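# Architecture and fold: a report
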Amino acid sequence: MTRFVDAGAVLAGWVGLGMALTVGVSFLLVIPIEPAYWYLAIPGGLLIGYYANQRSDRRAGPWSRIMANAIYAGVITALTWAILLLAVKAIFFVADDGYRDVSQGGSLECTVGADCVYARYLDEGRGDELELEGVTDTASFTGFYWAQQLQTAGLLVVFVMGGAIGGGLLYGILRPRQRAGPTAAPGATPPGG
């Protein structure tokens, strides 16, 4: 047991990191369904907040310790969730070469990176929307794009942390009670009887 959190919560933080990596690789790279990554943020937080206390076998003790365990594991999980999203976005932002299927008109005419991402937004008919935001060239688009991605990552941190706090609260309410001393089986004769 550490001074601020239980040893089980430290381990749960590592489990949360692994869970975030697994979900991220699954739904951002292997089967790119970004909404699934969003939808799993709150349940992932709930699981890790609960697990931090279950792993610590926190049957008794103050609520502050239960919540500290949940928050610690939630912070590790939430930061991993957000950083992974930003890393994947960065890879695709820097490496975009404008490729499109022939059925969509072939590759876009652009320079690899931000210029191609900007060209995709324009090709999707989002030019008017971007102009309303003050985006008129690749440089202004880059600032706009990363501001959006940082906002998105911040929301994911809030969702995972909210879930982790909820998981800690659930554990505190539903936790197993302190183990009683040894009990006699029903119908057994007491010692000396």
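The following paragraphs examine the structure supplied in this document. (Residues numbered from 1 in each chain as written. Predicted model: local features only at pLDDT ≥ 70, side-chain atom pairs only at ≥ 80, totals over all residues. Heavy atoms only, no water.)

## Considering the environment of proline 176
Within the secondary structure, proline 176 is located in the segment after helix H7 (138-174). Since its relative accessible area comes to 26%, proline 176 is described here as partly exposed. In the structure, proline 176 is positioned 166 residues away from valine 10 in sequence and 21 Å away in space, judged by C-alpha atoms. Apart from residues lying up to four places away in sequence, proline 176 is in contact with Arg59 and Tyr171. (Helix = DSSP H or I, 4+ residues; strand = E, 2+ residues; numbered from the N terminus. Buried < 20%, exposed > 50% of the residue type's maximum accessible area, 1.4 Å probe, protein only. Contact = heavy atoms within 4.5 Å.)

## So, the packing of helix H4 (residues 63-95) against H7
Here H4 crosses H7 at 155°, and the two axes come no closer than 8 Å. In terms of orientation, H4 and H7 fall into the roughly antiparallel class. The element H4 and its partner H7 pack so that their crossing is right-handed. Of the residues contributing to the contact of H4 with H7, the split by class is 27 nonpolar, seven polar and one charged. (Axes fitted to C-alpha atoms, helices over the stretch in contact; angles between N-to-C directions. Parallel < 35°, antiparallel > 145°, perpendicular 65-115°, else oblique. Left-handed = near helix turned anticlockwise from the far one by under 90°. Nonpolar A, V, L, I, M, F, W, Y, C, P; charged D, E, K, R; others polar.)

## Notes on the side chain of asparagine 69
By the secondary structure assignment, asparagine 69 is in helix H4. Relative accessible area serves as the criterion here: at 0%, asparagine 69 is assigned to the buried category. Beyond its immediate sequence surroundings of up to four residues, asparagine 69 is in contact with Val5, Asp6, Ala9, Ala52, Asn53, Ser56 and Arg58.

## Considerations on the packing of aromatic side chains
Per the counting criterion, the structure on display carries 10 aromatic pairs. Measuring from centroid to centroid gives 4.9 Å for tyrosine 121 and phenylalanine 141, while their planes differ by 65°, and the two rings are edge-to-face. Of this pair, tyrosine 121 sits in helix H5 (residues 114-123) while phenylalanine 141 sits in helix H7, placing them 20 residues apart in sequence. For tyrosine 121, a relative accessible area of 13% puts it in the buried group. (Phe/Tyr/Trp six-rings, centres within 6.5 Å; stacked < 30°, edge-to-face > 60°.)

## Structural notes on the pattern of salt bridges
Summed over all chains, the structure comprises eight salt bridges. One salt bridge connects arginine 65 with aspartate 6, and the closest N-O pair in it is separated by 3.0 Å. Of this pair, arginine 65 sits in helix H4 while aspartate 6 sits in the segment before helix H1 (7-30), and the two are 59 residues apart along the sequence. The shortest N-O distance in the salt bridge between aspartate 57 and arginine 59 comes to 3.0 Å. Connected through salt bridges with shared partners, the residues Asp6, Arg58 and Arg65 form a single ionic network. (Salt bridge = Lys/Arg side-chain N within 4 Å of Asp/Glu carboxyl O.)

## Thoughts on the environment of leucine 84
You can see leucine 84 is positioned in helix H4. By relative accessible area, leucine 84 is classed as buried at 15%. Considered as a pair, leucine 84 and alanine 20 are 64 residues apart in the sequence and their alpha carbons are 8.0 Å apart.

These values are about where atoms sit, not about what they do.
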